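Secondary and tertiary structure notes
Residues per chain are reported as follows:
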Amino acid sequence: MKQLNFVIKSLLGMVVLMLLVGVWVGPAAAAPPVEREYPGLEYALKYALIRVEALQAHIDYASASADLAEAYIQDEQAAGHDTSALTTALAEFQAKIDEAQALHDTTTQILDEKAGFDENGEVVDPEQALDTLKNARQTMQETNQTLRTAKQDFREALRDYRQSKRRTANDE
């Protein structure tokens, strides 16, 4: 009798435990599926928009530097120095700035369209949003590289001009 009583109590305990588990798990299992969120893509869009603004500031700074260099070249020409190499380097620098600005405008257009995102910057289509961010990133890299090489080339030309000017002054 003791053994039968133990078996009944054990079975009754398991039934109660199964009912309790069913009550706890049931509402969670019956809940509608949660819509996926993509905070990484949304953050990447915000970051890309900030980077585009910073890149425009770099382009504006390079353009202002070209204006200063043009004034410097005019002063040097007025002083009677040969600035033909420097004038050529400045023309190339300004052409590269224009190229960087065109690439930047492409990036801005890509990000303004926000393909895969809604007006608030939330992901609507994750694949399209990822493509948008990849394209924007690629054009930003091209813009940055164009601007960087243009600055380096012009600095080198300016350095060569100043060194040749010093050599000429030392020879006289």
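To be clear, the structure that these remarks concern was listed above.
All of these numbers come straight from a predicted model, not from anything done at the bench. (Residues numbered from 1 in each chain as written. Predicted model: local features only at pLDDT ≥ 70, side-chain atom pairs only at ≥ 80, totals over all residues. Heavy atoms only, no water.)

The terminal C-alpha atoms of helix α3 (residues 84-113), which comprises 30 residues, lie 44 Å apart, in line with the 44 Å expected from a rise of 1.5 Å per residue. Leu86, Ala89, Leu90, Phe93, Ile97, Ala100, Leu103, His104, Thr107, Ile110 and Leu111 are the residues of α3 that are buried. Tucked into the core, α3 has its buried residues touching α2 (39-78) and α4 (126-171). Following α3 by one or two positions, Lys114 has its phi on the positive side, about 50 degrees. (Helix = DSSP H or I, 4+ residues; strand = E, 2+ residues; numbered from the N terminus. Expected span 1.5 Å × (residues − 1). Buried < 20%, exposed > 50% of the residue type's maximum accessible area, 1.4 Å probe, protein only. Contact = heavy atoms within 4.5 Å.)

One pass over the full model with this rule turns up 2 salt bridges. Here Lys165 ties to Glu76 by a salt bridge, and the two come within 2.8 Å at their closest N and O atoms. Here the residue Lys165 occupies a position in helix α4, and Glu76 occupies one in helix α2, the gap between them amounting to 89 residues. Salt-bridge contacts for Glu99 lead to Lys96; the nearest nitrogen and oxygen are separated by 3.9 Å. Taken together, the residues span about one helical turn, with Glu99 and Lys96 both in helix α3 at a distance of 3 residues. (Salt bridge = Lys/Arg side-chain N within 4 Å of Asp/Glu carboxyl O.)

A few words now on the packing of α2 against α3. In the contact formed by α2 and α3, the axes pass within 10 Å of each other and the chain directions differ by 160 degrees. The pairing of α2 with α3 is recorded here as roughly antiparallel in orientation. In terms of crossing hand, the pair formed by α2 and α3 is left-handed. In the contact of α2 with α3, the residues fall into 17 nonpolar, 9 polar and 1 charged. (Axes fitted to C-alpha atoms, helices over the stretch in contact; angles between N-to-C directions. Parallel < 35°, antiparallel > 145°, perpendicular 65-115°, else oblique. Left-handed = near helix turned anticlockwise from the far one by under 90°. Nonpolar A, V, L, I, M, F, W, Y, C, P; charged D, E, K, R; others polar.)

Note that all results are geometric; they support no functional claim without further evidence.
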